[in-house]
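Report on the structure
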Amino acid sequence: MKFKKSILKIVAFLLIMAFVLTRWNSIFKFKWGDGIYQVEKFYELPKDSVDLLFVGSSHAIVNFNVGKLYDDYGITSFVFGGAMQPMWNSYYALKEALKTQKPKLIVLEGYSVCFTGNYAIDQYLIKNYNGYKLSKNKMDILKVSIPEEKQKEIFLEYPAYHTRYTNLDRGDFLKNVGDIYYEDWKGDGYPDVTARLAHMDISTVSEIQKLPPKIEEYYRKTIELVKENNIDIIVFVAPYAGVNVDDAMRYNAAEMIAREYEVPFINCNLKLDEIGIDYQTDGMDYSHLNYKGSEKVTKYLGDHVLNDYNLPDHRGDDRYATWQRHADYVREYLYNLRLIDTNDADALIDKLNSENHVLYVCVDGKIDRNDSQIKRYLDKLGIAGDIRNGIWCIDGGDVKWGMEGDMGEYYTSMGSHDFYILRADVGAGEVYNIIMVDKDEYFPKAVNGINVLVYDKYADYVVDHFGITVDNDYLVIREAKE
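What follows deals with the sheet that holds strand β4 (residues 232–237). Read from one edge to the other, the open sheet built from five strands follows the order β2-β1-β3-β4-β5, with strand pairing classed as parallel. Strand pairing shows two members of the sheet lacking a second neighbour, β2 (77–81) and β5 (265–267), which therefore form its edges. Adjacent strand axes in the sheet meet at a mean angle of 20 degrees when their direction is disregarded. The sheet contact formed by strand β3 (residues 105–109) and β4 spans five bridges and is parallel. Each residue of the ladder has a partner; that of Leu105, found in β4, is Asp232.

Spelled out as structure tokens, the structure:
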């Protein structure tokens, strides 16, 4: 009897330790959205639900809009990518994917044929390794992509992240890092930065530069793996402003290899006009497009390439509801990005019409009660009558409440956030309307004018905070006033 009790105690202890360690790992592990989290979300997909699989580096992550592909074509796709993913990691990512999915088409983003060297730096080693479940495939990734002297440390994983307790935040303790963005996420990303970029015309480069041996080996192995599984494949190089002569010569070599296998090779750096890419508006940096460029590349892919592959339209099918929800989120998110890219006051006010927007509209400072422009803006927002200092809440286009005249405060919660609204007399007859969301304070951008905070209750985040100032011809202000 004592022996049995001892065994039960040992088993109970081991179970408790396993639970604690699993929970500890779930909190402390890296949750990067440019490698590790893609793999974890991939494991959540229903078996044989992906018709189009993207594989590649960050160029795959930011250049293919999965939501748009579903919205416009009904195509179920997923981006199985990782930052600076070398061709050997693309090969093993594909092997992992084929355990549970049978795509009709693979799009291999070809930027990594331009990589040199046999290993990536540590940060990228981790991003292309840590998310995988323990298996022979994961051990093969370890052997081929990580120098022998680092393999033990990378294999154990926790040495890389056990000290990050000082960087833990709320998301580390919550499912999907507490962000609706990741609930139905399909591995894609939408950079909201716009940089005006110069670029090189590589259309006249005809020379060939041989690929490094390890790159060529796994480039060929990836194509061969797809062929062995009777799946169609396209090698697709998304455009980027930093493409140079060396890159172009390597793409020429990669295209020759693709032809050996009778695989289509599309270098979009040679199709900028056809796609409509303008590096004054569509680039994030010299290596990546922003969300506007991504939409153009995705439309080009959908309109000019995918028609040849007869991919089914799954819109309206409940089995693919997560793609619909992802598309809904992406559509709303991109609408909000266009809103914060708008700097004309009239156009900006007109965009504040989403049923998902909650607006806190403040009239601050000294304003002529007969100012026709301000009155027109307020009328558009549904705040009628004389111009007066105050703050109003507009939910889905309807004014829900307002505070005028007297000082006051208001508390509310929406989604995962707490809101505190305050009308404060700061002396000398001046009143400030102040909004606090969780711990973030939003003071007036325009000292004299209208200030608006935009919260999206569907996406659960503060979209924008701007002022329209009467002191400078109704200029839209987003940067904080010094």
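Now for helix α13 (residues 291–305). Here α13 contains 15 residues, and its C-alpha end-to-end distance of 20 Å stays within 8% of the 21 Å for a straight helix at 1.5 Å per residue. Here α13 has its buried residues at Tyr291, Gly293, Ser294, Glu295, Val297, Thr298, Tyr300, Leu301, Gly302 and Val305. Its side-chain oxygen 3.0 Å from the backbone nitrogen of Lys292, Asn290 forms the N-cap of α13.

Bringing the packing of aromatic side chains into the picture now. Tallied over the entire structure, the rule returns 22 aromatic pairs. Relative to Phe64, the ring of Phe54 has its centre 4.2 Å away and its plane inclined at 10 degrees; by these criteria the two rings are stacked. Of this pair, Phe54 sits in strand β1 (residues 52–56) while Phe64 sits in the loop between α3 (58–63) and α4 (66–73), and the two are ten residues apart along the sequence. Here Trp88 and Tyr218 contribute two aromatic rings whose centre-to-centre distance is 6.4 Å and whose plane-to-plane angle is 70 degrees, an arrangement assigned as edge-to-face.

This part takes up helix α10 (residues 213–228). End to end, α10 covers 22 Å across 16 residues, agreeing with the expected 22 Å (1.5 Å per residue, within 8%). Asn230 lies just past α10 and shows a positive phi near 55 degrees.

Turning our eyes to something else, we now look at the side chain of Asp364. Relative to the helices and strands, Asp364 resides in strand β8 (residues 357–364). Of the side chains with opposite charge, Arg423 comes closest to the buried, unpaired Asp364, at an N-O distance of 6.1 Å. In terms of polar contacts, Asp364 uses its side chain to reach the side chain of Asn433, at 2.8 Å. With residues near it in sequence (within four places) discarded, Asp364 still touches Asn389, Val431, Tyr432, Asn433, Pro444, Ala446, Val447, Asn448, Gly449 and Asn451.

Summary statistics for the protein chain give a mean pLDDT of 86 and a share of 83% for residues scoring 70 or more. Confidence drops under pLDDT 50 across residues 18–22; counting only partners more than four residues distant or on other chains, this segment forms zero contacts.

With antiparallel pairing, six strands are arranged side by side in an open sheet as β10-β9-β8-β15-β16-β17. In the strand order of this sheet, the two ends are held by β10 (398–404) and β17 (475–477), each with one partner. Within this sheet the neighbouring strands show an average axis-to-axis angle of 20 degrees, counted without direction. Bridge count between strand β16 (residues 461–469) and β17: three bridges; the pairing is antiparallel. In the strand pairing of β17, Gly467 is matched with Ile477. Contacts from helix α14 (residues 321–340) reach β8, β15 (449–456) and β16 within the one sheet, and its direction differs from that of β16 by about 20 degrees. Packing of helix α16 (residues 372–381) onto the sheet brings it into contact with β8, β9 (390–395), β10, β15 and β16, and relative to β8 it is tilted by some 155 degrees.

Definitions and cut-offs
- As a convention, each chain's residues are numbered from 1 in the sequence order in which they are written.
- Reporting of local features is limited, given that this is a predicted model, to residues whose pLDDT is at least 70; pairs of side-chain atoms are given and counted only at 80 or more, and all residues count toward the totals for whole chains, interfaces and linings.
- Each side-chain value is derived from all of the structure's non-hydrogen atoms; neither hydrogens nor water enter the calculation.
- Here, any two strands with at least 2 DSSP bridges between them count as paired.
- Note on conventions: DSSP H or I runs of at least 4 residues are helices, E runs of at least 2 residues are strands, and numbering of each starts at the N terminus.
- Only C-alpha atoms enter the line fits that serve as axes; for helices the fit covers just the stretch in contact. Angles between N-to-C directions range over 0 to 180 degrees.
- Here a helix's expected span is defined as the number of its residues, less one, multiplied by 1.5 Å.
- The cut-offs for exposure are 20% and 50% of the maximum accessible area for each residue type, with area from a 1.4 Å probe on protein chains only; residues under the lower value are buried, those over the upper are exposed, and the others partly exposed.
- Any N or O atom pair separated by 3.5 Å or less is treated as a polar contact, with the protein-specific requirement of one donor-capable and one acceptor-capable atom, and with residues adjacent in sequence counted only for side-chain atom pairs.
- Only centres within 6.5 Å qualify two rings of Phe, Tyr or Trp (six-membered ring in Trp) as a pair; their planes then separate them into stacked at under 30 degrees, edge-to-face at over 60, and tilted for everything else.
- Counted as positive: Lys and Arg. Counted as negative: Asp and Glu. His and the chain ends are not counted at all.
- Salt bridges, as used here, are contacts in which a Lys or Arg side-chain nitrogen is within 4 Å of a carboxyl oxygen on Asp or Glu.
- Should any heavy atoms of two residues lie within 4.5 Å, those residues are considered in contact.
- Note on scores: pLDDT gives the predictor's confidence for each residue, bounded by 0 and 100.

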